[in-house]
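Residue-level structural notes
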Amino acid sequence: MTAIRFTTAGESHGKALVAILGGVPAGLPLLAEDVDRELRRRMAGYGRGARMKIEADAVELLAGVRAGETIGSPIALLVPNRDWENWRDVMAPEPDPPGSDKRRRRVTRPRPGHADLVGVLKYAREDARDVLERASARETTARVACGAVCRRLLAEFGVEIGSHVVELGGIRAPVPDTLPATLNEVADRSAVRCLDATASQRMIDAIDQAKADGNTLGGVVEVVASGLVLGLGSHVSWDRKLDGRLGQAILSIPAVKGVEIGLGFEAARRPGSDVHDEIGSGGAARAGGFVRRTNRAGGLEAGMTTGEPLVLRVAMKPISTLMRPLGTVDLETREAAKAQSERSDVTAVPAMGVIAEAMTALVLANAMTEKFGGDSLVEMRANYDGYVARINRP
Ligand code: EPS
């Protein structure tokens with residue numbers, strides 16, 4: 001059933017991150033720069049650690065693209081880790097010579113909140129590095145690369161995806177009634193990707209304070225996708241409902257603990273008259289000519305797009321590597337200890353927004369190819385146009 005699909009591989013300090021993305025129709029214009037632009041956005045944001053100064057993420061398109069266009073075959077993407085040069089000894093796939101201590105930087109004091117403890121026990125490892133290297137949010141680089149290709153496909157159908165930080169470290173930003181049309185252009189100008197200048201400064205101060213305290217901060221991001229055609233997803237089966245599919249994709253982002261659609265939890269507190277969006281006419285052709293006076297549903301009804309903007313809010317917990325570490329138990333001695341602290345970020349909430357955009361793009365592109373199919377972009381467009389014409393016939 002799934003049309004667009006992808007898989008990633010790669011450890012945080014391994015040689016590279018790789019991804020294979022299947023199901024993208026032939027004839028989509030695609031440049032490495034389309035991907036690199038998103039990779040750069042993911043690296044930015046106030047509160048990131050020293051790693052982002054080492055890396056300069058850029059993609060190599062290994063397969064599936066020729067002369068600036070997709071050819072319908074699986075797209076293989078590679079993003080090298082520059083830091084690999086500093087970690088070769090620790091991460092090399094070859095067995096160690098007898099008596100060598102190459103595998104330094106061993107991790108035996110699991111961090112509460114990270115995959116360390118459960119991963120070591122579950123996978124029968126003695127070094128939590130075997131777990132944390134893959135659990136690291138570095139993996140999201142590969143997701144953002146795949147998401148960038150999907151964004152390029154969605155753009156062909158007028159779909160734009162943006163995000164902005166609405167809360168960080170407990171500081172809430174006022175959200176304007178109307179978002180800027182070029183949401184990312186405006187949000188990316190703020191070091192914390194927040195639309196409000198005063199709140200941005202307060203968030204920056206909170207990050208500085210957390211850093212001084214050896215602490216970390218979480219937050220909330222709003223993701224908005226506009227230009228969507230009515231009817232992506234389906235009401236007929238649980239696994240085809242778009243809200244469920246988005247929830248799964250967003251909750252799979254490291255450190256994400258919650259996702260709301262439209263009013264989200266607030267809808268549970270209001271009477272129906274203050275929740276449902278009244279239907280009017282005079283809307284866009286892609287919405288069948290219908291329009292909503294409000295968009296409290298966040299662009300989804302019964303697991304299908306309504307044609308109104310898709311609005312998601314995503315909650316991220318603070319990163320679990322604390323420079324003033326929490327209590328743990330040493331895996332070797334089983335005695336009380338302080339958790340391992342190694343280089344990390346104070347917050348990655350601004351970057352999480354970019355990652356949530358990418359996951360949203362993957363789900364939406366999947367739903368688009370599922371509905372409009374086609375081996376080529378030309379065929380997909382013909383199917384799309386035929387559908388839009390039909391939903392506009394009285
Ligand atoms: C990340 C790279 C990592 C961390 C962060 C995300 O680099 P390093 O571990 O070498 O400093 O900055 O990873 C985590 C937050 C985590 O918990 O592992 C990246 O590229 O996004």
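**So, the overall build of the chain**
- Scanning the chain from terminus to terminus reveals 11 helices and 17 strands.
- Compactness check: the chain gives a C-alpha radius of gyration of 22 Å against a globular reference of 21 Å for 394 residues, within 12% of the reference.
- By principal-axis analysis of the C-alpha atoms, the chain measures approximately 80 × 50 × 40 Å.
- A total of 394 residues make up the chain; the buried ones form 48% of that total.
- Taking contacts inside the chain between residues at least 6 apart in sequence as the whole, the part at least 24 apart equals 69%.
- Entry remark: accessible area of the chain is about 18,500 Å², with carbon and sulfur atoms responsible for 53%.
- Charged side chains in the chain number 52 positive and 51 negative. The centres of these two groups are separated by 1 Å.

**A look at the pattern of salt bridges**
- Summed over all chains, the structure comprises 34 salt bridges.
- Across the salt bridge formed by Arg 41 and Asp 188, the nearest N and O atoms sit 2.7 Å from each other. Separated by 147 residues along the polypeptide, Arg 41 in helix 1 (residues 32-43) and Asp 188 in the loop between helix 7 (183-187) and helix 8 (197-212) bring together distant segments of the chain.
- A relative accessible area of 35% places Asp 188 in the partly exposed class.
- Two residues, Glu 370 and Arg 245, come together in a salt bridge whose shortest N-O distance is 3.2 Å. Of this pair, Glu 370 sits in helix 10 (residues 349-372) while Arg 245 sits in helix 9 (residues 242-251); the two residues are 125 residues apart in sequence, bridging distant segments of the chain.
- Exposure remark for Glu 370: the relative accessible area of 22% places this residue in the partly exposed category.
- A single salt-bridge network, built from bridges that share partners, covers Arg 42, Arg 51, Glu 55, Asp 57, Asp 83, Arg 138 and Arg 343.

**Describing the sheet that holds strand 6 (residues 75-80)**
- Across the sheet, which stays open at both edges, the 4 strands sit in the order 1-2-6-3 with antiparallel pairing between neighbours. Each of the sheet's edge strands pairs with one partner strand only, and the pair in question is strand 1 (5-9) and strand 3 (60-63). Taking each pair of neighbouring strands and ignoring which way they run, the sheet shows an average axis angle of 20 degrees.
- As defined by bridge partners, strand 3 adjoins strand 6 across 3 bridges and the pair is classed as antiparallel. Counterpart to Ala 63 in the pairing with strand 6 is Ala 76.
- Lying on the sheet, helix 6 (residues 140-155) is in contact with strand 1, strand 2 (16-22) and strand 6; it crosses strand 2 at an angle near 35 degrees.

**Re the site of the ligand**
- What surrounds the ligand is a group of 13 residues, the closest being His 13, Arg 42, Arg 51, His 114 and Arg 343.
- With respect to the ligand, the side chain of Asp 345 contributes an N or O atom lying 3.3 Å from an oxygen atom.
- In isolation the ligand exposes 470 Å². Once the protein is present, 92% of that is buried.
- Classifying every residue of the shell around the ligand by side-chain character gives 3 nonpolar, 4 polar and 6 charged.

**Re the side chain of Ser 200**
- By the secondary structure assignment, Ser 200 is in helix 8.
- From its side chain, Ser 200 meets the backbone oxygen of Cys 194 in a polar contact 3.4 Å long.
- Other than its neighbours up to four places away in sequence, Ser 200 contacts Ser 190, Val 192 and Cys 194.

**Description of the packing of helix 10 against helix 11 (residues 377-391)**
- Interaxial distance between helix 10 and helix 11 falls to 9 Å at its minimum, and their mutual angle equals 80 degrees. Considering the angle they form, helix 10 stands roughly perpendicular to helix 11. Packed against helix 10, whose contacting residues are Met 368, Thr 369, Lys 371 and Phe 372, the element helix 11 presents Met 380, Asn 383, Tyr 384 and Tyr 387 at the interface.
- Of the residues contributing to the contact of helix 10 with helix 11, the split by class is 5 nonpolar, 2 polar and 1 charged.

**Overview of the sheet that holds strand 8 (residues 171-172)**
- Across the sheet, which stays open at both edges, the 5 strands sit in the order 8-7-9-15-10 with antiparallel pairing between neighbours. With partners counted over all chains shown, the strands left at the sheet margins are strand 8 and strand 10 (256-261), one partner each.

**Let's talk about the packing of helix 1 against helix 10**
- Two elements in contact, helix 1 and helix 10, have axes separated by 7 Å at closest approach and are oriented at 145 degrees. Contacts between helix 1 and helix 10 involve Glu 38, Arg 41 and Arg 42 from the first element and Ala 351, Val 354, Ile 355 and Glu 357 from the second.
- Taken together, the residues that form the contact of helix 1 with helix 10 break down as 3 nonpolar, no polar and 4 charged.

Calculation rules
Residues numbered from 1 in each chain as written. Predicted model: local features only at pLDDT ≥ 70, side-chain atom pairs only at ≥ 80, totals over all residues. Heavy atoms only, no water. Helix = DSSP H or I, 4+ residues; strand = E, 2+ residues; numbered from the N terminus. Rg over C-alpha atoms; globule rule 2.2 N^0.38 Å. Buried < 20%, exposed > 50% of the residue type's maximum accessible area, 1.4 Å probe, protein only. Contact = heavy atoms within 4.5 Å. Areas by Shrake-Rupley, 256 points an atom, 1.4 Å probe, with all protein chains shown as cover. Lys, Arg positive; Asp, Glu negative; His and termini not counted. Charge placed at Lys NZ, Arg CZ, Asp CG, Glu CD. Salt bridge = Lys/Arg side-chain N within 4 Å of Asp/Glu carboxyl O. Pairing = 2+ DSSP bridges. Axes fitted to C-alpha atoms, helices over the stretch in contact; angles between N-to-C directions. Near = heavy atom within 4 Å. Polar contact = N/O pair within 3.5 Å; in protein donor to acceptor, adjacent residues only side chain to side chain. Nonpolar A, V, L, I, M, F, W, Y, C, P; charged D, E, K, R; others polar. Parallel < 35°, antiparallel > 145°, perpendicular 65-115°, else oblique.

As far as function goes, none of this settles anything; it's purely spatial.
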